[in-house]
Amino acid sequence: MSISFMTMIILLAGGHDSLDVSIIPENWVFGYDCLIDASACGSWKNNHPVIDSTGIDAAVSVRAASPEVDFLVTGAMRSDSASRFLFRRARAVVKWPGTPWIAAGVYLNDQQPFIAGLANPVVEWGWVDIDSIQGFGLSSGGILGFRGDYLIQLTRGDTLTQLNVHSPWMGFAGVDYSRAQIHTADSAGGNMTVNVLSVRGDFRYFKPWLVVAGAEGEEGKWAVSAEIRKLRPIDTQWGRIEVVPGIHLAGDRIDFPGSAFVPGQRLITLGAFLESRRYFVSAGIKGMLDLESDSLSGVSASAGMISEGGVSWDVIFSYYADCDYRAFISSVTSDSNASAGIAVEIINDSTRVTGSVSYSPRDDVCAEVSVSGDLDNSLQPSCGLAVSAALGPVRGILGIDWEYDSSPILRINLTGLLK
């Protein structure tokens, strides 16, 4: 049944739109697409490959939109250990007639919480399972660039609220405020509140960035990150050097569902980066001083270059006060159809060398082989082979991976977006 259903989806999504244009209301847009992902995994047994598992996921989305409304419905057929039909996602949004700035909507398996930080997110995708979210929301904006939305959602019996406000650019600064709060149905589970205020500025010669995060009324659950960017005090024949000072502080009990902050963090950073205007060269160095311990104190540097002959070089080096270090250097030469490279990576007392080659006889076909080995103690080799091909919107990959003291693994993947 699943094979016939899959074939029907491909024919439907790949075929031409049979709707008569005359029956479509004015200012309405209709569309549909199909996202297909099929995979198989196996291993070598008795000197021949044996497929251990297979999976097919085909999702069909149908949408209709006008200046006043926006509808989206996504259904899927998934086949792994069993075949089943799934309702995956839906939304219905109604906008205030005559303006796109005021709207209300109902969301099912949509609008997952995410809050960005200076580099890493304060609230990461996947904090709440997207398949469990359902609720409604209000949004407004458009006046001088202002935007805001408020959502109330249920997720497995818990209540999740989200508030996002984006201020207009005021000529020298802009402010964003995000709040995510979850009330658990279990009284013993506790609640969580994340407030994040982001300020971005532009004072012509430098751009300050500030992120302040915290939980309401809870001691030790706060964090502050600040950097000054676009500060270029040095100009050389190679290009301008940008200096980026920063400070990152966090309370001892911070537990936000992201990787932006570490509990008890007291970190000062200073980086310098080359912005080359005449050469294909990049370089940077960053120093870190941990005021609480030596776990994050250290220095990291990186550089990259592409020569006139088409040879690229990349170097990365990191050293920390607790004596952990990492060094990486790679070189790749390539032409229009083939490439070859070698890389050396040193992590503390381990050194590993990797060689790779690739060949593309045409734009939609590529093959790549990589071989690596450890130079310390035992060789512990590993190898990989990947062949990929594309036919219109569909791409297929055949791969074989083998690591020391384990059986080779075979993987087959077919993906495509049919409209």
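Keep in mind it's a predicted model, so treat the numbers as computed, not measured.

Rules behind the numbers
- Residues numbered from 1 in each chain as written.
- Predicted model: local features only at pLDDT ≥ 70, side-chain atom pairs only at ≥ 80, totals over all residues.
- Heavy atoms only, no water.
- Helix = DSSP H or I, 4+ residues; strand = E, 2+ residues; numbered from the N terminus.
- Buried < 20%, exposed > 50% of the residue type's maximum accessible area, 1.4 Å probe, protein only.
- Contact = heavy atoms within 4.5 Å.
- Lys, Arg positive; Asp, Glu negative; His and termini not counted.
- Charge placed at Lys NZ, Arg CZ, Asp CG, Glu CD.
- Core = buried A, V, L, I, M, F, W, Y, C linked by side-chain atoms within 4.5 Å.
- Phe/Tyr/Trp six-rings, centres within 6.5 Å; stacked < 30°, edge-to-face > 60°.
- Lys NZ or Arg CZ within 6 Å of the ring centre and 35° of its normal.
- Salt bridge = Lys/Arg side-chain N within 4 Å of Asp/Glu carboxyl O.
- Pairing = 2+ DSSP bridges.
- Patch = residues over 30% accessible without salt bridge, like charges linked within 9 Å, V, L, I, M, F, W, Y side chains within 5 Å.
- Areas by Shrake-Rupley, 256 points an atom, 1.4 Å probe, with all protein chains shown as cover.

Trainee: Can you lay out the overall build of the protein chain for me, pointing to particular residues and giving the numbers?
Mentor: When its secondary structure is counted, the protein chain shows one helix and 25 strands. Once the C-alpha set of the protein chain is aligned to its principal axes, its extents read approximately 65 × 60 × 50 Å. Across the 419 residues of the protein chain, 29% fall into the buried class. A fraction of 35% describes how many contacts in the protein chain between residues 6 or more apart in sequence connect residues 24 or more apart. Considering the protein chain, the positive charge centre built from 30 side chains and the negative charge centre built from 46 side chains are found 6 Å apart.

Trainee: Explain the nonpolar core to me, and be specific about the residues and the numbers.
Mentor: Among the nonpolar cores identified, the biggest contains 15 residues, and Ile 115, Val 122, Val 194, Val 196, Ala 213, Phe 256 and Phe 261 are the most heavily contacted of them. Contributions of two or more residues to this core are made by β10 (192-201) and β11 (207-214). Non-local contacts of Val 196, meaning those with residues more than four positions away in its chain, are made with Ile 115, Ala 116, Val 122, Asp 176, Tyr 177, Ser 178, Val 211, Val 212 and Ala 213.

Trainee: Residues and numbers for the environment of Leu 418, please.
Mentor: Looking at the secondary structure, you find Leu 418 in strand β25 (residues 409-418). Accessibility expressed as a relative area gives 9% for Leu 418, which makes it buried.

Trainee: Describe the packing of aromatic side chains, naming the residues involved and giving the relevant values.
Mentor: As enumerated under the stated definition, the model contains five aromatic pairs in all. A centroid spacing of 4.8 Å and a plane angle of 40° characterise the contact between Trp 238 and Tyr 279, whose relative ring orientation is tilted. Of the two residues, Trp 238 sits in the loop between β13 (231-235) and β14 (239-250) while Tyr 279 sits in the loop between β15 (266-276) and β16 (281-290), which places them 41 residues apart along the sequence. Taking relative accessible area as the criterion, Tyr 279 reaches 37% and is therefore assigned partly exposed. Among the aromatic side chains, those forming a connected cluster through ring pairs are Phe 172, Phe 203 and Phe 206. The ring of Trp 209 has Arg 229 lying over it, and the distance from NZ or CZ to the ring centre is 4.8 Å.

Trainee: A description of the environment of Phe 317 should follow, citing residues and the corresponding values.
Mentor: With respect to the helices and strands, Phe 317 occurs in strand β18 (residues 311-320). For Phe 317, a relative accessible area of 37% gives the class partly exposed. When the C-alpha atoms of Phe 317 and Val 196 are compared, they prove to be 33 Å apart, with 121 residues separating the residues in sequence.

Trainee: Please provide a residue-by-residue account of the pattern of salt bridges, values included.
Mentor: Considering all chains together, one arrives at 19 salt bridges under this definition. With its nearest N and O atoms 3.9 Å apart, the salt bridge here joins Lys 207 to Asp 202. Owing to a relative accessible area of 27%, Asp 202 belongs among the partly exposed residues under this scheme. Measuring nitrogen to oxygen at the nearest pair gives 2.7 Å for the salt bridge that ties Asp 235 to Arg 277. Separated by 42 residues along the polypeptide, Asp 235 in strand β13 and Arg 277 in the loop between β15 and β16 bring together distant segments of the chain. Residue classification places Arg 277 among the exposed residues on the basis of a relative accessible area of 53%. Overlapping salt bridges bring together Asp 57, Arg 78 and Arg 88 as one network.

Trainee: Account for the pairing of β25, with residues named and values stated.
Mentor: With 10 bridges joining them, strand β1 (residues 29-45) and β25 adopt antiparallel strand pairing. Within β25, the position partnered with Cys 34 by the bridge is Leu 418. Note: strand β24 (residues 394-403) against β25, eight bridges, orientation antiparallel. Looking across to β25, one finds that Gly 399 is bridged to Arg 411. Turn length for the β24-β25 hairpin, with the two strands adjacent in sequence and antiparallel, is five residues, and the turn residue Asp 405 shows positive phi of about 65°.

Trainee: Outline a nonpolar patch on the surface, supporting the account with residue identities and numerical values.
Mentor: Nonpolar side chains collect at one region of the surface, where Ile 51, Val 357, Val 369, Val 371, Leu 385, Val 387, Leu 398 and Ile 412 lie side by side and expose about 590 Å² of accessible area between them. Elements with a contribution of two residues or more to the nonpolar patch: β22 (365-374) and β23 (382-391). Inspection of the secondary structure assignment puts Val 357 in strand β21 (residues 350-362). Its relative accessible area of 45% is what places Val 357 among the partly exposed residues.

Trainee: Kindly report on the pairing of strand β3 (residues 69-79), identifying the contributing residues and their values.
Mentor: Two elements, strand β2 (residues 48-65) and β3, share 10 bridges in a ladder whose sense is antiparallel. Considered in β3, the bridge of Ala 58 is made with Met 77. Hairpin connection between β2 and β3: a loop of three residues separates the two successive antiparallel strands. Pairing geometry for β3 and strand β4 (residues 83-95), over 11 bridges, is antiparallel. Following the sheet pairing, Phe 71 is matched in β4 by Ala 92.

Nothing here speaks to function; it is geometry throughout.
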